[in-house]
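Residues per chain are reported as follows:
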Amino acid sequence: MKIIMLGAPGAGKGTQAKMIAEKYSIPHVSTGDIFRANIKGQTHLGMEAKKYMDEGKLVPDELTVKILLDRVANEDCKDGYVLDGFPRTIPQAEVLTEALEKMGDKIDYAIDVAVPDENIVNRMSGRRACVNCGATYHIVHIPPKTENICDKCGSELILRDDDKPETVLNRLKIYHEQTQPLIDYYTEKGVLKTVDGTKDMKDVFADIVSILG
Ligand code: ADP
Ligand code: ADP
Ligand code: ZN
């Protein structure tokens, strides 16, 4: 099962992708997580990506496509995966479609987690991420058991630099310009499914499970 998560930054793609990955035992592949791991490890890729991420811009396709194709070529992805944050542009989607076609394969579902812009700044300003394991919380909607401490590993939770309101508005603008066209792209391919992302996390997941079966 090969699944793509679509939706604005902060719509809940990562939250749902992690639950899908666990239920269906497939890897959760997040390009944002891969970039952040590279920034933490101070790799060349990380340093390059950081310049764009800090401004809320997209990392150029040349850099992004290669790391994604390498990742999904990995043995653990052969029975499927859930992509979170990729593709984000039409050229990225085309590269993915072509790479899959070469293997006689395709994306089975593109799930659009729909959340209106007015809710996004609140989602992002309340988002907290674990510095160690990447688990995400929301200070109001999905709080950790102990304030600022990760339930899963006990490490500190932080507000991501790019989740500050100024950057969020820029990311939203770029989402509408460059990523939203993917909704038409996957509709034409007959694989788009839309879920109401304003519902409670568990209800959104139940809707997704009823789609995936
Ligand atoms: P969010 O989950 O809030 O949408 P991500 O963790 O997916 O954020 O991505 C964080 C940042 O990483 C993006 O704002 C962008 O700069 C970069 N990034 C992640 N995935 C891609 C991609 N497919 N193409 C270009 N840039 C990307
Ligand atoms: P994305 O990967 O699309 O950027 P996240 O999954 O990181 O989004 O979610 C953004 C923020 O909203 C996080 O703080 C997360 O805990 C919270 N969140 C996720 N789903 C919901 C929901 N259904 N209702 C309320 N808050 C949510
Ligand atoms: Zn953690």
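Okay, so let's go over this structure. Because the structure is predicted, anything quoted here is derived from the model rather than measured. Residue numbering note: each chain is counted from 1, following its sequence as written. Naming scheme: in the order in which they are written, chains are lettered from A and ligands are numbered from 1. Only residues with pLDDT of at least 70 get local features here, since the model is predicted, and only at 80 or more are side-chain atom pairs given and counted; chain-wide, interface and lining totals rely on the full set of residues. Side-chain numbers here rest on the full set of heavy atoms in the structure, without hydrogens or water.

## Here we look at the overall build of the chain
Put simply, the rule is: Comment: elements are numbered from the N terminus, with helices defined as DSSP H or I runs of at least four residues and strands as E runs of at least two. Computation of the radius of gyration draws on C-alpha atoms, with the globule rule given as 2.2 Å multiplied by the number of residues to the power 0.38. Here a residue-residue contact requires only that any non-hydrogen atoms of the pair lie within 4.5 Å. In this tally Asp and Glu are treated as negative and Lys and Arg as positive; neither His nor the chain ends contributes. Where a charge sits is defined by one atom per residue type, namely NZ (Lys), CZ (Arg), CG (Asp) or CD (Glu).
Tallying secondary structure elements over the chain gives 9 helices and 8 strands in all. For the chain, whose C-alpha radius of gyration is 16 Å, the value lies close to the compact-globule estimate of 17 Å for 213 residues. Taking all contacts inside the chain whose residues are at least 6 apart in sequence as the whole, residues at least 24 apart take part in 68%. If the 28 positive side-chain charges of the chain are averaged to one point and the 34 negative ones to another, these points end up 3 Å apart.

## Points about helix H8 (residues 181-188)
The criterion, for reference: Note on classification: 1.4 Å probe, protein chains only; a residue is buried when its accessible area is under 20% of the maximum for its type, exposed when over 50%, partly exposed between these limits. In this description, the arc belongs to the directions extending from the helix axis to the C-beta atoms.
Within H8, the full set of buried residues consists of Leu182, Ile183, Tyr185 and Tyr186. In an axial view of H8, the angular spread of the buried residues amounts to 160°, which keeps them on one side of the axis. Among the exposed residues of H8, those oriented more than 90 degrees off its buried face are Asp184 and Glu188. Packed against the buried residues of H8 are strand E1 (2-6), helix H5 (90-102), strand E4 (109-114), helix H7 (165-179) and strand E8 (192-196). Gly190 occupies a position one or two residues after H8 and carries a positive phi of about 80°.

## Some points on the sheet that holds strand E2 (residues 28-30)
By definition, the strands of a sheet pair up through backbone hydrogen bonds, in either a parallel or an antiparallel sense. We count it as follows: Being paired, for any two strands, means DSSP has found at least two bridges between them. Under this scheme, a helix contributes an axis fitted over its contacting stretch, all axes are lines through C-alpha atoms, and angles between N-to-C directions fall in the 0 to 180 degree range.
With respect to topology, 5 strands assemble into an open sheet ordered E2-E3-E1-E4-E8, the strand pairing being parallel. Each end of this open sheet is capped by a strand with a single partner; those strands are E2 and E8. Recorded for the sheet is a direction-independent mean angle of 25° between the axes of neighbouring strands. Judged from the 4 bridges that link them, E1 and strand E3 (residues 81-84) form a sheet pairing that is parallel. Bridge pairing links Ile4 to Leu83 in E3. Its contacts with the sheet place H8 against E1, E4 and E8, and it is angled at close to 150° to E1.

## Describing the site of ligand 2
Cut-off, in case you're wondering: Here a residue counts as near a molecule or strand whenever at least one of its heavy atoms sits within 4 Å of it. Whenever a nitrogen or oxygen atom comes within 3.5 Å of another N or O atom, the pair is scored as a polar contact, on the condition that within protein one atom can donate a hydrogen and the other can accept it, and that pairs from neighbouring residues in sequence are kept only if both atoms are in side chains. Per-residue accessibility takes into account occlusion by the displayed protein chains alone, with areas from the Shrake-Rupley method and a 1.4 Å probe.
Around ligand 2, 18 residues are found, and the nearest of them are Gly10, Thr15, Arg127, Tyr137 and Lys199. For ligand 2, an oxygen atom lies 2.6 Å from a polar atom in the side chain of Thr15. Take His138: an N or O atom from its main chain is 3.4 Å from an oxygen atom of ligand 2. When ligand 2 sits alone it has 560 Å² of accessible area, and the protein chains cover 93% of it. Contributions of two or more residues to the shell around ligand 2 are made by helix H1 (13-24) and strand E6 (136-138). In terms of residues, the shell around ligand 2 owes the most to one element, H1, which gives 3 residues.

## Focus: the sheet that holds strand E7 (residues 157-158)
The antiparallel open sheet is built from 3 strands, whose spatial order is E6-E5-E7. Edge strands, defined here as strands with exactly one partner in the open sheet, are E6 and E7. In the sheet, strand E5 (residues 127-130) pairs with E7 via 2 bridges, with the strands oriented antiparallel. Paired with Cys130 across the two strands is Leu157, which belongs to E7. Where helix H6 (residues 117-125) meets the sheet, it contacts E5 and E6, and its direction lies at approximately 40° from that of E5.

## Things to note about the packing of helix H4 (residues 61-72) against H5
Packed helix pairs are specified by the crossing angle of their axes together with the interaxial distance, meaning the distance between the axes. To keep things clear, this is the line we draw: Any angle from 65 to 115 degrees is called roughly perpendicular, while one under 35 is roughly parallel, one over 145 is roughly antiparallel, and all others are oblique. In this scheme the crossing of two helices becomes right-handed for a clockwise turn of the near helix relative to the far one and left-handed for an anticlockwise turn of less than a right angle. Residue type decides the class: Asp, Glu, Lys and Arg count as charged, Ala, Val, Leu, Ile, Met, Phe, Trp, Tyr, Cys and Pro as nonpolar, and the leftover types, Gly among them, as polar.
Running from N to C, H4 and H5 point in directions that differ by 30°, and their axes come no closer than 10 Å. Classified by the angle between their axes, H4 and H5 sit roughly parallel to one another. The two elements H4 and H5 cross, and the hand of that crossing is right-handed. Contacts between H4 and H5 involve Asp61, Thr64, Val65, Leu68 and Leu69 on the former and, on the latter, Pro91, Gln92, Val95, Leu96 and Ala99. Along the lines of polarity and charge, the residues of the contact of H4 with H5 split into 7 nonpolar, 2 polar and 1 charged.

Read these as layout, nothing more, since geometry by itself doesn't imply function.
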